Every structure is written in C-alpha cells, then in structure tokens.
Amino acid sequence: MPIRSLPPEVASAIAAGEVVERPASVVKELVENSLDAGARRIEITVEKGGRKLIEVVDDGDGIPAAEIALAVNRYSTSKLERAEDLFAIQTLGFRGEALSSIGAVSRLELVSHTASEQVGSRLIVEGGISGKPQSAGGPKGSVIRVRDIFYNVPARQKFLKSETTERRRINSLITRYALAYPHVAFRLEQEGRESFRTTGNGNQREILATLYGVEVARQMICLPETEGAPIQVHGFIGPPGISRSNRRELTFFVNGRWIQDGQLAAAVIQAYHALLMVGRYPLVVLFLTMPPEAVDVNVHPTKATIRFSDARLVFSIVQRVVRASLLGQAPAPDFKFEGSTNALGWTPATGSARIGWIPTDETDQAKHGAGGTVQTTLPGSEMPLLRAVGQFGASYLVAEGPDGLYLIDQHAAHERVLFEKLMIAVRDKNLESQRLLEPDAVELSPSQTLLLTENLEVLSKLGFEVEPFGRSMFRVRAMPAILSHLAPAGALKAVVEDFEEDEAPLEAEVEARIAARVCKRASVKAGQVLSLSEQQELLRALEQCESPRTCPHGRPTMIRLSMDALEKQFGRRG
Ligand code: ADP
Ligand code: MG
C-alpha cells in the first residue's frame, strides 16, 4: 500500500482512542472539566455502565455561547496559552482533547450557560460531526451528555469490559474525586439508583466513612500538616490492622489530580514494612501538593501518569511521613517488635526476626504482666515439623514444634493446602472434576450473571462445567472434586457471590483469585471438630505447602509462642 494521509474521521477515531479508553475515562474527563470550571456541585448519571448514557451536570462557570463550537475542536482549550504554560499546569485539563475525542466516538450533547449571558447554548456532535450551536435555557453551569459510546467504533466495543466492571470503575473514580474535593458536593446515580453522594461540607472523614464504613474511617490516621515544606503530604493512612489483598486502596492525588504511580505505591508499602503481612496492602489516601513546575503532567493522554522532576525526593518524603505517623501511633495496637538487627528487626528474607504480640486488652495485659509474646512466624518461609496436641475452640489446632507452641488456624491452614493442590493440578492439567448425574440449576441476579459469564472459562479450568440456559439460569454439569461435599448449585452461587466482593482482579491473577475463593468454600470451617488424626493429617499437608505460613488471602495460618517467652511468663527465667 502506498503511504497516504488517513481520512480525518479515521485519524480522529485513532486519536480519540488514546483519551477515551472506556466509559470510566469519559466520566473522568467530564468531572475534571467540571472541577476546572469551579463547580461546587457535580451530578453524574450513568446508564448501562456508561455505555448507554453518561451525564454530568455542574454549576460551574459554563461555556460562553460564542465558544461552544470551539470546545469540541481538537486541541482547543481555555486553559493553556503558550508552550511555557505546559510546565506550570494548574488545571486538570490542558490538552483540549477530551470533548473532541468523546464527540468522535459517541453522540455528545453540550448544554451550557454562563452567568453573564442571558441565554445559554446547546451543541450536538455525533461521531465527530458537529451540529450548529442553538440557544438554550437552563441554570448557570453545564450539562454534558454522552450517549452510545463507541457506537461507530465496533472494534472498540468488543473490548469493553462488563457493565459491572465499568460501574465499579466509575464508582471508585467518583468516590476518590469526592475525597480529594471535599468542598464539592458530588452525586452519583447508576442505573436509576443513587449510589454515592457527598454534601460538600469539607469533611473528609465523613467521606471516608461512606467509602470504608464508620469504624474503619474512625481508625484511619490523619497525617499531620507539614507546613512550609516544598512538597506537602496530606491525607489518611490505615492502621496496619486493616489491610487488603491488593493495591487498589492505595490512592494518590498530586496537585488535585488522581494519578497511578508504581513508585509512590512502593514508597508507601516500604513505609509499612514489617507492619503488614507479606501480600497485604494498606488503605492509604495521599494528597501531595508541590509547585506545578515540579511535576510534568503532560506524559500521557489520560493524564493519569506523571513525572516528578525529583522523584527520589518525593518518594523519600512520602515514605518518611507515612512511616513516622505509623510509628507515632503506638505502632499498631497489638504488635510489638523485638530484637535483632534493627529497631524493626523483621527481615522476611532470612526469617530470623520475629514479631511480638501483646494482648490487645490492656487489663488483660496488666493481669498477666507485659511481654506475653506470641510470635507470628514469617509468611512464605518453611515451617518446622509439628506434632498435633489437640484442638482449641474447635477452630485452632494446638501443636508442638521444636521451638515452641504453635496455634494453627484450621480454616486458614486447610485453605492453603487446598489452594496449592488445586493450583498444581491446574498447572499440570490433571484436575479432578466430578460429573454430576443430574445437572443442578442455579438462578443468578443480572449482575451475577454477567460476572459468571465473564469467568466461565477460568471456572472450567478449575473443574466447573457450567452452561447458561435461559436468561439468568445456569446448569452445573460438573464441579471440582474438592467441592464434592457441597451442593453443586450452592457451591457455584457461593463462588459467584465471592466474585462480587472484590473488584475485577488483574488478568494474571484471575485464576489464582478464583481458586482461592473455591478453596475458601471447600475448606474446614472454624467450629468443626477434628479428630487427632485429622489434625495431624492437616499439619502434614501444610508442611508440604510452598507457603505454609499464610492462607491464599494473605492472613497468617499460624502463630507461635516460643519456649523462651513461655519461661519468662512463668517466671522461670528473667
Ligand atoms: P481541556 O479540559 O483540556 O481544556 P476539553 O476538551 O476537556 O479540554 O474541554 C475543552 C474546553 O471546553 C475547556 O478548555 C473549557 O473551556 C470548556 N469546557 C469543557 N467542559 C466544561 C464545563 N463543564 N464547564 C465549563 N467549561 C467547560
Ligand atoms: Mg478537559
């Protein structure tokens, strides 16, 4: 083929793809525009996960009638004049690409009214073709409606994730912006129901409470003001007792812009070093403020990645501020660190250091004297040979090891055992699946139906043979042998319900995450009485595991009370 210039509609669809990846990215651009327009109230309405409609209504400055046609032109912006301005961006937008990109791949409608004009104006753009601006009524501010996104880009449509995924994305986007802009009243309506709202009263902890629940919000530590520093870090960090199995609750805003940054995340994780189990991540919301010239925001069309002029400085400040607040807060109410090479002497690689544990209840502590140290051993490392002594509370195994007394959480331990067995079987393709004589039918809600349909392939790798029949009915034909003691429909339903708890995992993690959920269902529960030989069998199986110290969700399977600590408690040694 000879070289040709692309026809304009093709070129603009390609360019649009960089800015508008998915419905959630449209919501992000529109909300950023409202914030740039100084809105104090932003209402977002979404239908079908944004595929059918995204509407953003704000009470911001509005677009003058004379400029509304320009607003949807590529590289047309009111926020930037000269090239130099690029190095001191104060607004969220500046590329002048969002509205034109959105207009290129959807049916876009703008209605806007400035305070100084008698009437407002209205403009429609369909698949990149702009209509004529009309006069329109309405209060001061803007209404932007985006309908039928990608209706003219079928290739893009195919890659859209499910509506549920998109809804979750939009939800986490809006809740985060609401946190960063507590003086703006946000309201999000999804599928005809209000899913989130803030009052705009400036109280961030109140917003945290709607996000994480009152109790978690109460426990989150507010970082102290760092007045005068060139780089300021505000925000909230979760106590080490509250953690997640993924990094999704690490949120960073830089100069009011929500960004993704692996190194900032690493700095925070480093600050929690030894305070959290390996594989667990804290809840953190950080707002960094720095001079605009200290950061280059013009790195990527979505503006979600940025470049710091002095990245090392930024990371070290973040790490220090977070670390200092964590340690200042009586380092995690129930953990005390002791002994070895440094103050926090926990070095996972060697497995030599230990975390001490003090009873949480202070009166309890007073009764027994301080320093009743049970040690949680290191996740991931090997475990010693254990001899089952008995069961406690029908939930914990008591076992003796060469270096002390062990308490093993039977549910967590069994989960680990099943999980590794299942993953090895999947890897070696010799998974045992059990065919049912009678297929078992299960009915699911619309969103569960979507989730299940998306995950059918992974489930089949794990031994579930499930086929849709009817709109929201499924038939289970076979299931993993390890679940054979559960009712097939119930087992499937339980697994699907588990999907709903979490945001969609990364592609690479899907299999392991679903396997972990299946194993959670299949493992012995707390409260189940085990015979001594069953206990011993579980311990043997756990010894065979690669990571016997943690369950697949990252919680510890065992804690240890060393002989040493025991002797101190009984006053046999000083
Ligand atoms: P950018 O935000 O990078 O300038 P956009 O394509 O997102 O580019 O918007 C183009 C222009 O339209 C903006 O510069 C602004 O002047 C105007 N605009 C867009 N949305 C709004 C809004 N909600 N309120 C007021 N003006 C808006
Ligand atoms: Mg913009």
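Definitions and cut-offs
Residues numbered from 1 in each chain as written. Chains lettered and ligands numbered in written order. Predicted model: local features only at pLDDT ≥ 70, side-chain atom pairs only at ≥ 80, totals over all residues. Heavy atoms only, no water. Helix = DSSP H or I, 4+ residues; strand = E, 2+ residues; numbered from the N terminus. Buried < 20%, exposed > 50% of the residue type's maximum accessible area, 1.4 Å probe, protein only. Pairing = 2+ DSSP bridges. Contact = heavy atoms within 4.5 Å. Axes fitted to C-alpha atoms, helices over the stretch in contact; angles between N-to-C directions. Core = buried A, V, L, I, M, F, W, Y, C linked by side-chain atoms within 4.5 Å. Domains from an automatic or database assignment. Near = heavy atom within 4 Å. Polar contact = N/O pair within 3.5 Å; in protein donor to acceptor, adjacent residues only side chain to side chain. Nonpolar A, V, L, I, M, F, W, Y, C, P; charged D, E, K, R; others polar. pLDDT = per-residue confidence, 0-100. Arc of directions from axis to C-beta. Expected span 1.5 Å × (residues − 1).

### Some points on unusual backbone geometry
Working step 1: Although it is not a glycine, Tyr75 sits at a positive phi angle of roughly 60°.
Working step 2: Following the sequence through the fold, Tyr75 ends up in the loop between helix H3 (68–71) and helix H4 (98–104).
Working step 3: Accessibility expressed as a relative area gives 54% for Tyr75, which makes it exposed.

### Side note on the sheet that holds strand E14 (residues 257–259)
Working step 1: Reading across from one edge, E10-E11-E16-E13-E14 is the order of the 5 strands in this open sheet, with mixed pairing throughout. Edge positions in the sheet fall to strand E10 (221–222) and E14, since each has one partner strand and no second.
Working step 2: Where strand E13 (residues 250–254) lies against E14, 3 bridges are found, and the strand directions are antiparallel. Bridge pairing links Phe252 to Ile259 in E14.
Working step 3: Packed onto the sheet, helix H9 (residues 262–271) meets E13, E14 and strand E16 (284–289) and runs at close to 125° relative to E13.

### Side note on the nonpolar core
Working step 1: Core analysis: the largest hydrophobic core is formed by 58 residues, its most contacted members being Leu30, Leu35, Ile42, Ile44, Ile174 and Phe186.
Working step 2: It is helix H6 (residues 163–180) that contributes the most residues to this core, 7 residues altogether.
Working step 3: When residues of this core are sorted by domain, at least three fall in each of domain 1 (8–202) and domain 2 (205–329).
Working step 4: The residues contacting Leu35, other than those within four sequence positions of it, are Ile42, Leu92, Tyr177, Tyr181, Val184 and Phe186.
Working step 5: Counting 35 residues, the second-largest nonpolar core is a separate cluster that includes Phe252, Ala267, Leu275 and Val318.

### Observations concerning the site of ligand 1
Working step 1: Surrounding ligand 1, one finds 19 residues, the nearest of these being Asn33, Thr77, Ser78, Lys79 and Gly96.
Working step 2: At 2.9 Å from an oxygen atom of ligand 1 is found a main-chain nitrogen or oxygen belonging to Leu99.
Working step 3: Between ligand 1 and the protein, one listed contact pairs a nitrogen atom with a side-chain N or O atom of Ser142 at 3.3 Å.
Working step 4: Sorting the residues of the shell around ligand 1 by element identifies helix H2 (23–36) and H4 as the ones contributing at least two each.
Working step 5: Of the residues in the shell around ligand 1, the class split is 6 nonpolar, 9 polar and 4 charged.

### Thoughts on the pairing of E13
Working step 1: Summarising burial for E13: 5 of the 5 residues are buried, a large majority.
Working step 2: Alternating residues of E13 divide into Leu250, Phe252 and Val254 and Thr251 and Phe253, and every residue in both groups is buried.
Working step 3: Pairing geometry for E13 and E16, over 5 bridges, is parallel. Counted as the bridge partner of Val254 is Leu288 from E16.
Working step 4: As consecutive antiparallel partners, E13 and E14 are separated by 2 residues, and within that stretch Asn255 has a phi angle of approximately 45°, a positive value.

### Here's the deal with the confidence of the model for the protein
Working step 1: When the pLDDT values of the protein are averaged, the result is 82; 89% of them are 70 or greater.
Working step 2: Per-residue pLDDT stays below 50 along residues 330–381; that stretch engages in 92 contacts with residues further than four places along the chain or on separate chains.

### Regarding the pairing of strand E24 (residues 404–409)
Working step 1: Pairing between strand E23 (residues 396–401) and E24: 6 bridges, direction antiparallel. The residue bridging Ala399 from the neighbouring strand is Tyr406, located in E24.
Working step 2: In textbook terms, the turn of a hairpin is the stretch between consecutive antiparallel strands, and for E23 and E24 this stretch comprises 2 residues.
Working step 3: Relative to strand E28 (residues 558–562), E24 is paired through 5 bridges, and the arrangement is antiparallel. What sits directly across from Leu405, in E28, is Leu561.

### Notes on H9
Working step 1: Residues of H9 that are buried include every one of Leu264, Ala265, Ala267, Val268 and Ala271, and no others. Taken end-on, H9 shows its buried residues confined to a sector of 155°, consistent with a single buried face. Opposite the buried face of H9, at more than 90 degrees from it, the exposed residues are Gly262 and Gln263.
Working step 2: Residues of H9 that are buried in the fold lie against E13, E14, strand E15 (281–282), E16, strand E18 (307–308) and helix H10 (311–328).
Working step 3: At the N-terminal end of H9, a side-chain oxygen is found 2.9 Å from the backbone nitrogen of Gln263, two or three residues along, and the residue is Asp261.

### Points about helix H16 (residues 532–543)
Working step 1: With 12 residues, H16 ought to run about 16 Å at 1.5 Å a step, and its terminal C-alpha atoms sit 17 Å apart, in line with that.
Working step 2: Within the span of H16, buried status applies to Gln535, Leu538, Leu539, Leu542 and Glu543. Down the axis, H16 shows its buried residues gathered within 140° of arc, on one side only. Along H16, the residues that are exposed and aim more than 90 degrees away from the buried face are Ser533 and Glu537.
Working step 3: Each element contacted by the buried residues of H16 is listed here: strand E22 (387–392), E23, E24, helix H12 (410–427) and E28.

### A few points about the sheet that holds strand E25 (residues 433–443)
Working step 1: Taken in spatial order, the 3 strands of this open sheet run E25-E27-E26, and their pairing is antiparallel. The sheet is open, and its two borders are formed by E25 and strand E26 (465–468), each paired with just one other strand. Neighbouring strand axes in the sheet, compared pairwise and without regard to direction, differ in orientation by 15° on average.
Working step 2: Bridge count between E26 and strand E27 (residues 473–480): 4 bridges; the pairing is antiparallel. Along E27, the bridge assignment pairs Pro468 with Phe474.

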